[in-house]
Structure formats: C-alpha cells, structure tokens
Amino acid sequence: MSRPPLPRIGVFVCNCGTNIARTVDCEEIACAAMEWPGVVVARAYKYMCSDPGQEMIAEEVREKRLDRVVVAACSPRMHEPTFRRALASSGLNPYLLEMANIREQCSWVHDDPRAATDKALALARAAVARVVRHEPLEKRFVPMNPATLVLGGGIAGMTAALQLADAGQPVTIVERADRLGGNVARIDLTAPHLDSARELLLGRLARVSMHPMISVLLRAELEQLEGYQGNFTADVAVEGASRRLEIGSVVVCTGYKEFDAARVEGLGYGRLPDVITSFELELMLKRGRIEMADGRTPRTVALVHCVGSRSEEYHGYCSRVCCMTALKYGHEVKSALPGAAVVDLYIDMHAFGKGCEDFYRKTAEIKTLFLMYGKNAPPVIRPAGPKDDCNLLITLDEKLSGEEIEVPADLVVLMVGMEPREDAGRVAQLVNISRDKDGWFIESHPKLDPVATTTDGIYIAGACQSPKDIPDSVAQARAAAARILAKVAKGKIEVDAIFAEVDAARCSGCRICGTMCPYGAIEYDEEQKSSRVVEASCKACGCCAAACPSLAVRARHFTDEQIFAQIEGVL
Amino acid sequence: MAFEPRIVGFLCNWCSYTGADLAGTSRIKYPPNVRVIRTMCSARIRPSFVLKALAEGADGVLICGCHPGDCHYSEGNYKTLRRQVLLKRLVAGYGIEPERVRLEWVSASEGQRFAEVVADMTERIRRLGPSRVEMLPSTRRAG
Amino acid sequence: MAVRANPRLIDELELYGAEDVQKCYHCGNCSAVCPFSREPFLFPRKSMRYLQMGLEERLAGTLEPWLCYYCGECSEQCPREAEPGETMMSIRRWLTAQYDVTGLSKLFYRSWRAELAAVLLVALLTGAGFLLFGLKYGGGSLGVYAGPGAFLPASSVHVFDWILGGTLAALLAANCARMWWLTTGRDRRVRVPLLDYVTRAFLVPLHFVTQKRYRECESKRPWAVHFALVASYLTMLVLIMLFLESLHAAPANRLAHAFGYLATAGLLGTTLYALRGRWRRATPLHRHSHETDWVFLVLLVYVAATGILQHALYRWFGLDTAANVVYIAHLMGAVPMLAVEVPFSKWSHLAYRPLAMYFADLHERALARAASPAGAQSVPAAA
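A few points on the structure. (Residues numbered from 1 in each chain as written. Chains lettered and ligands numbered in written order. Predicted model: local features only at pLDDT ≥ 70, side-chain atom pairs only at ≥ 80, totals over all residues.)

Focus on the overall build of chain A
The test is simple: Numbering goes from the N terminus for both helices and strands, where a helix is a DSSP run of H or I of at least four residues and a strand is a run of E of at least two. A radius of gyration in this sense is built from C-alpha atoms; the matching globule rule multiplies 2.2 Å by the number of residues raised to 0.38. Partly exposed residues are those falling between the two cut-offs: more than 12 but fewer than 20 other C-beta atoms within 10 Å of their own, whereas 20 or more means buried and 12 or fewer means exposed, with C-beta atoms placed from the backbone. C-beta atoms are first placed from the backbone for all residues, and any pair lying within 7 Å is then listed as a contact.
When its secondary structure is counted, chain A shows 15 helices and 30 strands. Its C-alpha radius of gyration of 32 Å places chain A more than 25% over the 25 Å reference for a compact globule of 571 residues. Seen through its C-alpha atoms, chain A measures out along the principal axes to roughly 100 × 60 × 40 Å. A buried classification covers 53% of the 571 residues belonging to chain A. Of the contacts made within chain A by residues no fewer than 6 positions apart, 70% connect residues no fewer than 24 positions apart.

With respect to the overall build of chain B
Each helix and strand counted, chain B has four helices and four strands in total. Its helices and strands taken in sequence order, chain B reads β-α-β-α-β-α-β-α from the N to the C terminus. Along the first, second and third principal axes, the C-alpha atoms of chain B reach 40 × 35 × 25 Å. Evaluated residue by residue, chain B yields a buried proportion of 55% over its 143 residues. For chain B, long-range pairs separated by at least 24 residues make up 81% of all intrachain contacts whose partners lie at least 6 apart in sequence.

Observations concerning the sheet that holds strand β1 (residues 3-4) of chain C
The strands making up a sheet associate through hydrogen bonds between their backbones, and the pairing can be parallel or antiparallel. Formally: When DSSP locates at least two bridges between a pair of strands, those strands are taken to pair.
Judged by pairing direction, the sheet is mixed, and its four strands sit side by side in the order β20(A)-β21(A)-β22(A)-β1(C) without closing on themselves. Every interior strand has two partners, whereas the edge strands, β20 (380-383) of chain A together with β1 of chain C, have only one. Alignment of β20(A) against strand β21 (residues 392-397) of chain A, held across four bridges, turns out to be antiparallel. Bridge assignment links Pro383(A) to a residue of β21(A), and that residue is Leu392(A).

Here we look at the nonpolar core
Across soluble globular proteins, you tend to see nonpolar side chains buried next to one another. What counts is decided by this rule: Remark: nonpolar core denotes a set of buried Ala, Val, Leu, Ile, Met, Phe, Trp, Tyr and Cys residues whose joining runs through C-beta atoms within 7 Å.
Val11(A), Ala72(A), Ala124(A) and Val252(A) are the most contacted members of the largest nonpolar core, which has 189 residues in total. Looking at this core element by element, the count peaks at eleven residues for helix α5 (residues 113-131) of chain A. With sequence-adjacent residues up to four places away left out, Ala72(A) is seen in contact with Val11(A), Val13(A), Cys14(A), Ile29(A), Ala100(A), Ile102(A), Ala120(A), Ala124(A) and Ala127(A). Among the nonpolar cores identified, the runner-up in size contains 131 residues, and Cys322(A), Leu327(A), Ala341(A) and Leu285(C) belong to it.

Describing the interface of chain B and chain A
Condition: Each residue receives one of three labels: charged for Asp, Glu, Lys and Arg, nonpolar for Ala, Val, Leu, Ile, Met, Phe, Trp, Tyr, Cys and Pro, and polar for the others, Gly being one of them.
Counting from both sides, the interface comprises 36 residues of chain B and, opposite them, 35 residues of chain A. Elements with a contribution of two residues or more to the side of chain B that touches chain A: α1 (16-25), β2 (34-39), α2 (47-55) and α3 (76-93) of chain B. A per-element tally of the side of chain B that touches chain A places α1(B) first, with six residues. Of the residues in the side of chain B that touches chain A, the class split is 17 nonpolar, seven polar and twelve charged.

Structural notes on unusual backbone geometry
Cis rather than trans, the peptide bond between Ala191(A) and Pro192(A) has omega equal to -5°. Relative to the elements of secondary structure, Pro192(A) occurs in the loop between β8 (189-190) and β9 (195-196). Pro40(C) follows Glu39(C) through a cis peptide bond whose omega is -5°. Topologically, Pro40(C) is positioned in the loop between α2 (29-33) and α3 (45-53). The phi dihedral of Arg219(A) is positive, around 50°, even though this residue is not glycine. For Arg219(A), the location among the structural elements is in the loop between β10 (214-217) and β11 (220-228).

Here we look at α3(C)
For α3(C), the buried fraction is high: seven of the nine residues fall into the buried class. When α3(C) is considered as a whole, its buried residues turn out to be Arg45(C), Ser47(C), Met48(C), Tyr50(C), Leu51(C), Gln52(C) and Met53(C).

Examining the environment of Asp188(A)
Residue and element names in this part refer to chain A. Mapped onto the elements of the fold, Asp188 is located in the loop between β7 (171-174) and β8. Expressed as a C-alpha distance, the spacing of Asp188 and Arg287, which sit 99 residues apart in the sequence, is 9.2 Å. Sequence-distant contacts of Asp188, that is, excluding residues within four places in its chain, are made with Ala197, Glu282, Leu285 and Lys286.

A look at the pairing of strand β6 (residues 148-151) of chain A
All names here are of chain A. The line we're drawing: Whether a crossover is right-handed depends on one test, that the path from the first strand over the helix to the second runs clockwise when the strands point away from the viewer.
In β6, alternate side chains face the same way, and those of Thr148 and Val150 on one face and Leu149 and Leu151 on the other are all buried. In terms of strand pairing, β6 meets β7 through four bridges, oriented parallel. In the strand pairing of β7, Leu149 is matched with Thr172. For the crossover from β6 across helix α6 (residues 155-166) to β7, the handedness is right-handed. Judged from the four bridges that link them, β6 and strand β14 (residues 249-252) form a sheet pairing that is parallel. By the bridge assignment for β14, Val150 is matched with Val251.

Section: the interface of chain A and chain C
In this assembly, 19 residues from chain A lie in contact with 14 residues from chain C. Elements represented by at least two residues in the side of chain A that touches chain C include exactly β18 (341-346), α10 (356-365), β19 (369-372) and β22 (404-409) of chain A. Per-element tally for the side of chain A that touches chain C: the top contributor is β22(A), with five residues. The residue makeup of the side of chain A that touches chain C, split by class, is ten nonpolar, three polar and six charged. Pairing geometry for β22(A) and β1(C), over two bridges, is parallel. Within the sheet, the bridge partner assigned to Glu406(A) lies in β1(C) and is Arg4(C).

Here's the deal with the arrangement of the chains
Most contacts, when the two pairs of chains in contact are compared, are made between chains A and B. Where chain B comes nearest to chain C, the C-alpha atoms are still 37 Å apart, and the two do not contact one another.

Some remarks on the packing of helix α9 (residues 112-136) of chain C against helix α16 (residues 291-315) of chain C
Residue and element names in this part refer to chain C. The condition that has to hold: Axis angles are defined between N-to-C directions and span 0 to 180 degrees, where every axis is a line fitted to C-alpha atoms and, for a helix, only to the segment in contact. Between 65 and 115 degrees an angle is taken as roughly perpendicular, under 35 as roughly parallel, over 145 as roughly antiparallel, and anywhere else as oblique. We call a crossing left-handed when the near helix sits turned anticlockwise from the far one by less than a right angle, and right-handed when that turn is clockwise.
The contact between α9 and α16 brings their axes to 9 Å, and the two run at 25°. In terms of orientation, α9 and α16 fall into the roughly parallel class. Where α9 crosses over α16, the two elements pack in a sense that is right-handed. Facing α9, whose interface residues are Trp112, Glu115, Leu116 and Val119, α16 presents Glu291, Thr292 and Val295. The residue inventory of the contact of α9 with α16, partitioned by class, reads four nonpolar, one polar and two charged.

Quick look at the environment of Ser48(B)
By secondary structure assignment, the location of Ser48(B) is in helix α2. Each C-alpha atom, one on Ser48(B) and one on Lys88(B), is 12 Å from the other, the two residues being 40 residues apart in sequence.

Concerning the pairing of strand β12 (residues 231-238) of chain A
All names here are of chain A. Sheet topology places β11 next to β12; eight bridges connect them, and they run antiparallel. Among the inter-strand pairings, Gln224 is bridged to a residue of β12, identified as Asp235. Count of turn residues in the β11/β12 antiparallel hairpin: two residues, of which Gly230 carries a positive phi of about 85°. Taken together, the seven bridges between β12 and strand β13 (residues 241-247) define a ladder with antiparallel strand orientation. Each bridged residue has a counterpart across the sheet, and for Thr233 the counterpart in β13 is Glu246. A loop of two residues connects β12 with β13, the two strands running antiparallel in sequence, and Glu239 in this loop sits at a positive phi of about 45°.

Regarding the sheet that holds strand β4 (residues 97-101) of chain A
Residue and element names in this part refer to chain A. Overall, parallel pairing links the four strands, which are arranged β2-β1-β3-β4 in an open sheet. Of all strands in the sheet, those with a lone pairing partner are β2 (39-45) and β4, marking the two edges. On average, each strand axis in the sheet is tilted by 15° relative to the strand beside it, whichever way the strands run. Sheet analysis places strand β3 (residues 68-73) next to β4, joined by five bridges and oriented parallel. Considered in β4, the bridge of Val70 is made with Glu98.

Some points on the environment of Tyr233(C)
Among the secondary structure elements, Tyr233(C) is positioned in helix α13 (residues 221-248). Spatially, the C-alpha atom of Tyr233(C) lies 8.5 Å from that of Gly266(C), the residues being 33 residues apart in sequence.

Here we look at α1(B)
All names here are of chain B. Within α1, nine of the ten residues are buried, leaving the element largely enclosed by the surrounding structure. When we look at burial in α1, the residues that qualify are Ser16, Tyr17, Thr18, Gly19, Ala20, Asp21, Leu22, Ala23 and Gly24. Immediately downstream of α1, the backbone of Arg27 shows phi near 55°, a positive value.

Some details on the packing of α16(C) against helix α17 (residues 320-344) of chain C
All names here are of chain C. Interhelical geometry of α16 versus α17 gives an angle of 155° and a closest axis separation of 8 Å. When the axis of α16 is compared with that of α17, the two are roughly antiparallel. Two packed elements cross with a definite hand, and for α16 against α17 that hand is left-handed. Side by side, α16 and α17 meet where Phe296, Leu299, Tyr302, Val303, Thr306, Gly307, Leu309, Gln310, Leu313 and Tyr314 of the first sit next to Asp320, Ala322, Ala323, Val326, Tyr327, Ala329, His330, Gly333, Ala334, Met337 and Glu341 of the second.

Below you can see the structure in the form of structure tokens.
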C-alpha cells in the first residue's frame, strides 16, 4: 500500500476532568503518540471540548503547520462536530479530523487502568493510522427546481397543492379519477362536530381549479420518475397521451380504499340486502333518506365496528376513523329517525382525537346501546324469523357481561376499515419508497420525520401512509408543503461531503452497486458503460462500496484504505 | 500470563455504535478485549475487512448492526446477514474456526446487550484459544 | 341460548325515572361503596350494565334493586353523575310494573295523569257509594255519626274494610307469585329445594316487621323514620281491621284510642318529614321525585288530616253532621290510596322487599350448594 508523503499530525488527548483520566493514563498516550510516524505534537488537556481546549488545537494547527488532527476523547457522536469546527476555524479542512473514543467505549466501561490504557493506546494509534489517509472533502450543492408534483387530488393532495401554490410555487396535481375530492367527497358529515364534508371541499375545489399556479391533470397516472431530489423528471400519462414534467419534489397523497366487507363471511354482506357498508350509508345520508332495501324505514340501526380492522385474519391495525364515524351515524340516525334505536357493536372505543371523548359521551347520552365483542370473534348476522319484529338478528359474545346476546336490527351498517389501494405497490416502485407489512408507505422516521421518506425529495401525506382522519391528513399535507418550501427557499440542495463515488475507469459496468442501493442513487451511463452515483441522493451507507467486485466504488471518508489502516492500528 | 483475546469490532453508526456509547454512559462494565471500528452501516463491511483483521492477528471479529427491520438504510443489515453466511464458510475454508466471526444485532438502546455480547464473545474466544493464523511478514504486532 | 337485547329498554326505563344511566362508564365505584353489594348480588353496577345493554329478561329477573335501600352513597360517589341510586329506584318501579299481572301498574307509572284519573274515579265511586249506602241502608240521616241510627254504621264499614283488604291482598299475592316466577322460578341457574322454602320462610315476617337490613345502611336515621312509619301503619291496620267498632263507639275504648293517636302522630310526622325532604331535595333519596311519589305523599297527608278532623269533630266538638261529611271525604282518600298504591304502586314494596330478602337467601344457599356439591354445611348462616 503506497503511503502519501509524511504528514504532520497533532494528537490531543482529553482528560475529560477525571472521566477519562481516572482509568486511562492520558499522559502516557501523549508520550507514546510522539513516537508514532507523522506525529509532530501530542498533548493531554483536562477539557479538550472547552474553549481553551479548542483554541489550543487551533493554535497548534497554525503554529506547527499541522495537516491532520486526532482527538482522543469522548464519542464522535458527541463532539465530532465541535472539533470539526475547531479545525475549520484554524483553516484546516474539517474532514482531516479523526476521533478516538476513549471515554464511552473505554474509560467508562473498564475498571483496570492498565488494560484501559492499553485499549486507549490501540484506539489512538488506529486513529493516527487512519487520519493519514483522510482527504479534504467539500460539501456540494445541486439546484432545486421549485415545481412540485402532487400525486392524488384528495383532501391531502389539494391542501399540499394550495399551500405550495399560495407561496408562489408551481404545482401539478395528477389525479387518476375524473374528479378531485377523493374519499372525502363520498361522505356527508364529519365527526365529531358534524360539519358538512361538502363545505370542507367546495372552497378548496374552487380555489384549486382557479389557481394560476396549479394545473390539474385528471384521468392521469404517473408512468415514470427519474432523477433525484430537486431535479426529477416525471412522465405522466393523461388520457392516453404522455406528458413530461420537470419537478423538484413529489408529494404522494394517493389515499386509501375501503375494505371489502364481503370477505367477512358471517356478516352476510352481499347476501343480506339490509347489511350495508358505511359508504353506502353515507350515500343514503347525502340523499337525505335512510331506508331499508324494501323502502321501509328502519326502527333499529346496528353499527358493526372494526370490519376488516384489528383482526388476525384481515388487518391487524386500527383504521382510526371508524369509531368516530360510527358515533356520527348514531347522531345522524337519531336526528333523521327520532324513534329509531341505535346499537353500536364495537371491540374497543377509540376516541383519541380532539373533542372525540366528549362526542362519545354525547352519543351515549342519546341512548345508543353499546355492546362489546371480542377481537377475532366478529358478530354473526342472520335474517330474522317470521315471529321476530325485526329484519335481522345479530349474535355476539358480549365481553363485558360474558353473555351471548342477540340484537334485533332492521338495518346493519358495517364500519369498513381502510386498506392501501391496489396500485400502492406500483406507486412505491415508481417513486422508490418503501411499504410496511400492511402495504402503507413508510415515513422517514415514525416520530421525528413523518412526512419525508427514505428517498430525498419524495414526501407522503394523508391516508396513503396509514389510516388517518381529515385533520391529520391536512396537517401532514401542510407539513410536507412546508418541507418543500424550505428547500425551495434555499434555492439549492446541500449534499453532504460523505457519499460514494464510482471510478469510471475501474468500473466494469456490472451494475451490482445499482441493485444494492436502497435509494436508487446509482445511475448507469449507457454511453460510458459505467455506473455513476447521484450525490444528492446518496446517503453514504457504503453498501455499494462493499459489494463492488472491481473496487471501483469509493465510500468517501470510509474508504477501504482508511479502514484497513484502522484495523492495523487497533491490533 | 493468561491468554487475552484481541477482538476487532465493526459497529454500525446508527444502532450498535450508539448502543456501545450507551453502555458507557450507563457505566456498564465489560471486558476490554474488543476494539471498535465505526462504519456508517454494517453493510459497508467488506468481507476483506474481516479477513484483514484475522490476518493481522485478531482472535475474533464481532460485527454489530441494527435489528432486522430497524436499519437506518432500510435494508443494509439484511445484506450483512447474507454476507455473514458466506463469510463463515470462507473463513472455515481457511482453517479458521467460524465462531471467531460473529454477527449480532444491537440497537441504540441496548447498552446492556452490547456489554453482554462483548463479555460472552470474549469468554468464548478465550476458551477457543489464540488464533492460529500464520503471521504475514508485513504484520506489525502490538507489543 | 342467546339473550335477546331490547335496544329500547333504556328509553322505557326513562319513563320510570332513570334518566342518567347512559352517563355510567362502569368504574364500579358505586358497587365498591355500597355496604350491601357482595357476592352473589353485586349492585348497582350490574343492573346499570343490564340496562345499558338492553337485557330486559335479566333485568326482570334480578332481585338486586330490592336489596338496595337508597342510602344514596353510590350517587354521591359517582364521578359521572349517572345516579345509580336513582336508577335502582327506577328499576324498582319498573319491576313493580313487571310483577303486576293486571298491567295497571305500567299504566300508572308511565302516566301520572292516568294515576290521578284512577284515584279520582275511585274517590268519586267511594264517595257516591257510601253516600248512597248511608241514605238507603244506613241511618239515613247525616246528623247521626255513631251509635244506633248512625249514617254509616261501624259494622258495615268494617265489613267493607275486610272486602277491600281481601281484594287487595289477593291482587298483591298474585303479583308476588309472578315475582317469584320471574326471579326464582324460571331461573335455571338456581335450584331451590322445597325444604329451604319452608325452613327459611321465617325471613318474610322477620324482614317485614323489623326492616333490619335497612339498619345496615351507614346512616341509621332513615331506618328509624321508616320503622316508625311502618309501625304506625301496622298499628292503624290492626285498629281498623279489628277494632273499628270500638273506635267509633261511645264510650271510647281508651286503649284503642291511645294507639290511634300514636299511629296518627307517627304517620303524619314521618309523612311530613318525607314531604319536607322531597321539597328540599337534601339527600339523594329525595333529590329525584317521580310524579307517583308526590301523589302518594299528598294522599297520605290528606287521609291522615281528614282522619284527625273527623275524629275531632265528633269527639271533641260533637258535630255529627260535619264528622259524617269529613268521614266520607276521608274514605274518598283512603280507599283510592290503598287501591292504587298497595297492589300497583309504591306500597307494594311492603311485600316485595321481605320477599326479596327471602328469595335472595334462597338463591345464595342454592348457589353455594351448587358451587360445593358436598358442602350443604357451608351454606351461609341466616340473614
């Protein structure tokens, strides 16, 4: 292995008060380091991260004309940024730093001072060996196209589009159906305030269609997406013709579809005409008349919760909106048919949203009958006999009483859960995002980054990520728009200096790296017959570098040479 | 003097290295025999890193990554797992006990588990005895 | 076998006074504070649940509401203001209607207008009947109150009392039989041996006379008031059924009169106490008043007052004509009160409560026996 010309390295050992010095002999490390090749200065100090400590490093860099620095101290996860800044302040490229973790992974976990000092020596020696092979790295920037493609014209898609367009940025909505509005357009009132869904939509629909910055493509589908964050090219098929769009970001708002209630045999959906789904009831409510198949008015309406949700057989997750929707039906039925009785058959009442617990209480007070059935033991519905004064009989094992109960009903409404659309897999593939075991799109971080995805520049909002109600979908859509606007405002995208690169001369064009990359960040250049890393998309995991059979891929800052030197150093 | 194994540990930055740091902040004690090298992802660990460590005289190599399904890069640890199977065969082919190369999942919250893994590995390698890999001429052994 | 739910049961119970059942979320505080709630009779929570679930058949078969004396502790402790105590009270009204074989009880409880109409009708019939009787078969002159030639001879009134008492007792007995069937007879989970029915029968008179269970409530005062009321009633009953002639006749039987004064004072005192309580709504028991409660109390005061007045007019002032008029007015209150209240309304609890104690004891023994087949000895001791 060829070595570069002899470097000038400074080694700085931190006592961290007594945190390190109690078990590790820091002076011994400083003394020993002076003997290692390339080391021109080695000093121990009580708090290296303190201002005097950082100044000491900067001063030594200037005075001794150091071109490499090793800090043996705490974990790099703690203070690497601090010492990188110290280097930068002294005019040295911050990537010419290496840290040896002699606190979290040495002095704090070992009792024997001799063994701990030996280990710290090995770690410091490895850091010195490694830093010799460090290269100065520069951050890069790529331009940011302010245009956004919104997939799906439901409440989430329209909200994201309006927010972006109101900020003056161009948006294209691609909607597969022949109208905007999505599933919200199919419902009558919303829970828990019983506001009209139609009114929620109308204003938005008008603004979207009038907005000069928004173009809506109906009966349209995304066919292909290429490029990377800030610089995507999308091919969209609009009624047979293909259209090419240049965009910087994509917001996926493709929504959900309802569970097929016929799959739950015992409920009799499809066989019994007076067993209907929640969406069919919404249609009746929109028309203004709740009626049975034969036109009579039902005297008892039963609502079966969790159809397709929270079961081992169908979907394990909770669909989140059905409990409140069922309570809403309680109010709507009682106000439309004052004499009617309402029975809710539920597993657990999930009333977590703002105002929802109150809504539950109010629904109970209008004398809704609540009966609890067990998970994986859905009620069974059968036609009533000629002697019964009802249309249907529902049998369930009621959990709170332990009784097998038979409920008379005239109309049964199945609260069908949400599930990913059939084309969710195809969409995920097109925009290169992942799906969870249930088929929902996966966010970048479940708590801290719920709108971004593992692919930079692709955002998700609404029920395509997981079942969601309208406020959550709207919040997520606005958050996604805000994320995009922040990037647009910067005008360019900073690319971290640590990424992989392909040496075109060495590349045989086997494309193994391309298949390994989880981000689709490696492109194949047909002309050159070699692969190329899209720096803006690369996240520096380095799996391509590990897999390249011709050693053509270099993982910057984690090169083979650097790690080999480190291995030699620790042994 | 009793045999003290020297083990090289390759830890992914997001889960296992953070987990090892947590063992430190929690002051959980474990044997000093593992020396850690940080990589961004366990999938960065080229098999030649492991062979290099063994060739340099390491008595064991410990690779730690995120638990399956928790990879920061969504699926890097699966690639590591697949490589590990081949790697063990390769190592055995060289006449090295495959137990000397070990893959473990340690999350960022499993400081205790990291300490246990290190203690267990150290003990196993101690029982296995020193590696019998012939020293390469260029090898520089630590004194 | 599945139990049929009646989604309208809760609406029905509202007519009997249970307005807040749906607020209950089953924390169980009510059952925890209740001094009477213990296995196998846990209440009021269980009854609240039956109601919320519409389990009409189970509710009709429960004895638990009769084991509750409405001390109100549950309602005080309820975090949701679901009024479990009042709910138990309402269920007692509903159960009274369920036990009643004629269906009149249902009518009276659901409509105070119907009850009032029935009271007025019986009052008018009574008044007309006695007036006619007095003119045609009695003394014929309103000027004579007692002795030979009395407008309403005591012996005749006495016979009438026995006929009325017998009719009401028969009706009440029929209702009691239905209560037995609903709570015990048809329940396949409790098998009561015939011998138990005989050996435990003493519980009925015991509880009827002492209302000892009421004393187990934390506050002893309601029991004391109730006991005084019942003692007064019983005294009055004995006097009227056995010594009516001596009450009327001159010279007065001093002993009978002494008891009469005592009973009247007891009745009036406790009734006024109850009226004042309901008016002020000081305790949970008195906070909610069903329309039928008012009808009952007003009638009681009226009967007691007219009773005292006719006595005073005759004995102290010697005004025979006035005494006769007031006496008829008194009967016009007493007869409808008894006819409506005893078999069909509030007063029926004089039979249902002791019976419930008796049935509960039988249930408990049967369940204990079923739980340990060899353990007839482990049957709990007498209540």
